[in-house]
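# Notes for the structure review
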Amino acid sequence: MLAELSIKNFAIIETLAVSFEKGLTVLTGETGAGKSIIIDAIHLLVGGRGSAEFVRHGTAKAEIEGLFLLDDHHLACREKAEQLGIEIEDNMIVLRRDITTNGKSVCRVNGKLVTLAILREIGQTLVDIHGQHEHQDLMNEDRHLSLLDQYGGAEIERALTEYQALYDKYLSLKKQLDKLTENEQQMAHRLDLIQFQLEEIRAADLTPNEDKQLMEERMKIANFEKIYHALQDAYNALHGEQRGLDWIGLAMNHTEEIANLESTYGEIAETVSNSFYQLEDMSYKIRQQLDLLEYDPKRLDFIETRLNEITHLKRKYGQTVEEILTYAAEIEDEVDTIQNRDTHVTKIKAELESVAKDLLVEANHVSSLRKKFAETLVDSIHEELKELYMAKTVFHVEFSKRTGSFDDVILDGEPVKFGKDGIDIAEFYISTNPGEPLKPLAKVASGGELSRIMLALKSIFSEHQGVTSIIFDEVDTGVSGRVAQSIGEKIYHIACGSQVLCISHLPQVAAMADTHLFISKEVIGERTKTSIKPLDVAEKVREIGRMIAGVEITDLTKEHAKELLSLASQMKQTS
């Protein structure tokens, strides 16, 4: 949910900070007070298009910041943040956007600078803003299939997962086949190139870790004199008359004479004795190393030449000898594939056809599940529309197959185009009047009718879309009476599953609010200032009375407002 919103120097708002609660929050106020400006600010905060016009006159920049609280159900936001490398701590995410007078935006998510595109990706998982005239997900036919899949839940998700695993294999085979059947001249050039590369790597006769071993050997030869003198001096310091081992041997003899007199002396004698034999053994090893040392300038020249050759190969084929050898193995396989192309093409075509048939089985299974859930969805939406006094409205999910692509596969004489989400295209159709044909949802009439249709759809899909907050910006325009009452109840039911912020001019909707915020403006000096205030019970009665009657609020109007609040309270208790 959106917990805190801070706005500074935005349009007519100088500074505004507001806390939001769970459930239904209704924002009311006189026309022009700044209600929609607050929604505009949230829209920009989650990645909407902005401009310098939003910056308050006489200031350098507009600042908008919002704190969102997440729970375990909001996986979409967490997954998107993880993909983008943004850490979420304590189930909180903070979005911030500054807009300067030249129209540029500075965006941050949890303090990390991000692009506007990334802010939008995160924002879409947090807030769904629906205004009467805005183009929303539900009006976008490209989103209808995914909304249906979300409605189908785990059953469709499992079927899609199985389909997509096979689809990935199908794409891989198609890629291999396309590569083998590309232009013959290009294939010949490719063969010449990789054969040359393979011969060059083979001629080098590389062995694993050869470069590391050569560098170690080069280091020893280059530092031969330093190593020789150090080992010689170390050996001389230990071995010989009146040298280190002689003195330690003498100490060993003396401590052994008293070792049996006390345990402490015994420990000393044992330690000195062990040290003597360890140093004696080490002096032999130093002697061996001295005998093995050999300075060979020709060997150093060979090593330098060999390392230069390996470095040249690294520039072309890999950062390590192992990577070069791996690349050689890959192009060796590719050479064999190209040289025996016809055989491989026949084999891949047969495998591709087999996978395509299996893929079609999985795709048809997904399609059948979608059609099953589409029937349930249609029934549910008809029930919602009935409650909104649109009982004669007909809703329908229209299915069609993907077609018209150069990569269609012919199966059983029919062209089939596979996509990441299957072979279906789904679009929502609706008819609002008896006798009228079904039309795409995107083309239905606007106004109060559209508002009710959208609310019915929102009631079904809100729990499946995964957003933390849903915002309705005057979606109740053009309705009144019992329809207004049903809209208020419907918005409240949506708020039971998601935080809902709603700008409304309907007293029936305001009466359903869990939190009622009043937006007002006043002129101080020569500047307009917008403020926001949560209303107590008495103030709610007065504001709802104003919404009923207009400027003059009578006792009868107040009684009507109290009645609306009482009926709303009863409805909440019984729902």
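Here, every reference points to the structure presented above.
Residues numbered from 1 in each chain as written. Predicted model: local features only at pLDDT ≥ 70, side-chain atom pairs only at ≥ 80, totals over all residues. Heavy atoms only, no water.

## Comments concerning the side chain of Thr393
Selection criterion: Working definition: helices are DSSP H or I runs of at least four residues, strands are E runs of at least two. Numbering for both runs from the N terminus. In this analysis, two residues are considered to be in contact whenever any of their non-hydrogen atoms come within 4.5 Å of each other.
Tracing the backbone shows Thr393 in the loop between helix H13 (341–387) and strand E9 (394–401). Those residues in contact with Thr393 that lie beyond four places of it in its chain are His382, Leu385, Ile430, Ser431 and Thr432.

## Focus: a nonpolar patch on the surface
Stated precisely, the cut-off is as follows: Each patch is built from salt-bridge-free residues with over 30% relative accessible area, joining like charges within 9 Å and nonpolar side chains (Val, Leu, Ile, Met, Phe, Trp, Tyr) within 5 Å. Areas reported here follow the Shrake-Rupley algorithm with a probe of radius 1.4 Å; residue values treat only the protein chains shown as occluding. Within this document, salt bridges are pairs made up of a side-chain nitrogen of Lys or Arg and a carboxyl oxygen of Asp or Glu, the two lying within 4 Å of each other. For every residue, the accessible area obtained with a 1.4 Å probe (protein chains only) is divided by the maximum for its type, and the residue is called buried under 20%, exposed over 50%, and partly exposed between those limits.
Together, Ile258, Leu261, Tyr265 and Ile268 line one region of the surface with nonpolar side chains, adding up to about 370 Å² of accessible area. You can see Leu261 is positioned in the loop between helix H9 (244–257) and helix H10 (263–292). On the accessibility criterion, Leu261 (62% relative accessible area) is exposed.

## Re the pattern of salt bridges
The full count for this structure, using the stated rule, is 27 salt bridges. Put simply, Arg306 and Glu210 hold a salt bridge, and the shortest N to O gap is 2.6 Å. Of this pair, Arg306 sits in helix H11 (residues 297–317) while Glu210 sits in helix H7 (residues 210–222), placing them 96 residues apart in sequence. For Glu210, a relative accessible area of 12% translates into the label buried. Beyond isolated ion pairs, a larger network of salt bridges with shared partners links Lys61, Glu63, Glu65, Arg96 and Asp98.

## Digging into the packing of aromatic side chains
Convention followed: Under the pairing criterion, centres of Phe, Tyr and Trp rings, with the six-membered ring standing for Trp, must be within 6.5 Å; the plane angle then separates stacked pairs below 30 degrees from edge-to-face pairs above 60, leaving the rest tilted.
Tallying each qualifying case throughout the model produces nine aromatic pairs. Both rings, one in Phe395 and one in Phe428, keep their centres 5.3 Å apart while their planes meet at 55°; by these two values the pair is tilted. Separated by 33 residues along the polypeptide, Phe395 in strand E9 and Phe428 in strand E12 (residues 424–431) bring together distant segments of the chain. Here Phe395 matches Phe428 in class, with each residue buried.

## Things to note about the environment of Ser400
Turning to its location among the elements, Ser400 is positioned in strand E9. Each C-alpha atom of the pair Ser400 and Gly318 lies 48 Å from the other, and the pair is 82 residues apart in sequence. In this structure Ser400 touches Ile423, Asp424 and Ile425, once residues within four positions along its chain are discounted.

## Remarks on the sheet that holds E12
As a reminder of what qualifies: Strands are labelled as partners when DSSP assigns at least two bridges between them. In this analysis, axes come from line fits to C-alpha atoms, helices being fitted only over the stretch in contact, and the angle between any two N-to-C directions falls in the range 0 to 180 degrees.
Pairing within the open sheet is antiparallel, and its three strands lie in the order E9-E12-E13. Each of the sheet's edge strands pairs with one partner strand only, and the pair in question is E9 and strand E13 (439–440). Of the strand pairs in this sheet, E12 and E13 are connected by two bridges, and their pairing is antiparallel. Bridged to Tyr429 within E13 is Pro440. The strands touched by helix H4 (residues 141–152) within the sheet are E9 and E12, with E12 carrying the most contacts at an inclination of about 105°. Set on the sheet, H13 makes contact with E9 and E12; between it and E9 the angle comes to about 165°.

## Section: the side chain of Thr255
Considering the arrangement of structural elements, one finds Thr255 in helix H9. The contact partners of Thr255, leaving out residues within four places of it in the chain, are Ile268, Ala269 and Val272.

## Re the sheet that holds strand E5 (residues 92–100)
Read across the sheet, six strands follow the order E2-E1-E4-E5-E6-E7 without closing on themselves; strand pairing throughout is antiparallel. At either end of the open sheet lies a strand with only one pairing partner, and these are strand E2 (13–19) and strand E7 (112–114). Taking the axes of each pair of neighbouring strands and ignoring which way they run, one obtains an average angle of 15° across the sheet. By the bridge criterion, nine bridges tie strand E4 (residues 61–69) to E5 in an arrangement that is antiparallel. By the bridge assignment, Lys61 is partnered in E5 with Thr100. Seen against the sheet, helix H1 (residues 35–45) touches strand E1 (2–10), E2, E4 and E5 and runs at an angle of roughly 105° to E1. Strands in contact with helix H3 (residues 116–124) are E5, strand E6 (105–109) and E7; relative to E5, the strand with the most contacts, it is inclined by about 140°.

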